[in-house]
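Examining the three-dimensional arrangement
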Amino acid sequence: MAEFNASSGKAALILQAIAHAADSADADCGDIQKSSNWLILIEAAANHAHYLLTGANLVEVNDGA
C-alpha cells in the first residue's frame, strides 16, 4: 500500500471552491433543486478536501471507522 501524502495546496483550492459554491447556493436558495445540487457538490468537495488533508474519508470519520 502506498504511503499517504497530504496535499494541503489542493485542499486549499477545494476549500476556496466550496466558499464560492456556498455563495452560489445562497443565491439559488429559492430553488430547491438548485440548492440541493449545490449542497451535494459542497459535501463531495468537503469530503475530498478532508481526504487530501488527513487520508480519511469523512464518512469513515463520522461512522467511527
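See above for the structure.
1. As for the packing of helix α1 (residues 8–27) against helix α2 (residues 32–54)
Close contact between α1 and α2 brings their axes to 9 Å; oriented N to C, the two are set at 165°. By the angle class used here, α1 and α2 are roughly antiparallel. Crossing geometry of α1 relative to α2 is assigned as left-handed. Here Ser8, Lys10, Ala11, Ile14, Leu15, Ile18, Ala21, Ala22, Ser24 and Ala25 of α1 lie close against α2, whose contacting residues are Ser35, Trp38, Ile42, Ala45, Ala46, His48, Ala49, Leu52 and Leu53. Residues that form the contact of α1 with α2 fall into these classes: 14 nonpolar, 4 polar and 1 charged.

2. Concerning α2
Compared with an ideal rise of 1.5 Å per residue, which puts 23 residues at 33 Å, α2 spans 32 Å between its outermost C-alpha atoms and is within 8% of the ideal. Where α2 is concerned, the buried positions are Ser35, Ile42, Ala45, Ala49 and Leu52. On its buried side, α2 packs onto α1. Positive backbone phi, approximately 85°, marks Gly55, located one or two places after α2.

Procedures and definitions
- Residues numbered from 1 in each chain as written.
- Predicted model: local features only at pLDDT ≥ 70, side-chain atom pairs only at ≥ 80, totals over all residues.
- Heavy atoms only, no water.
- Axes fitted to C-alpha atoms, helices over the stretch in contact; angles between N-to-C directions.
- Helix = DSSP H or I, 4+ residues; strand = E, 2+ residues; numbered from the N terminus.
- Parallel < 35°, antiparallel > 145°, perpendicular 65-115°, else oblique.
- Left-handed = near helix turned anticlockwise from the far one by under 90°.
- Contact = heavy atoms within 4.5 Å.
- Nonpolar A, V, L, I, M, F, W, Y, C, P; charged D, E, K, R; others polar.
- Expected span 1.5 Å × (residues − 1).
- Buried < 20%, exposed > 50% of the residue type's maximum accessible area, 1.4 Å probe, protein only.

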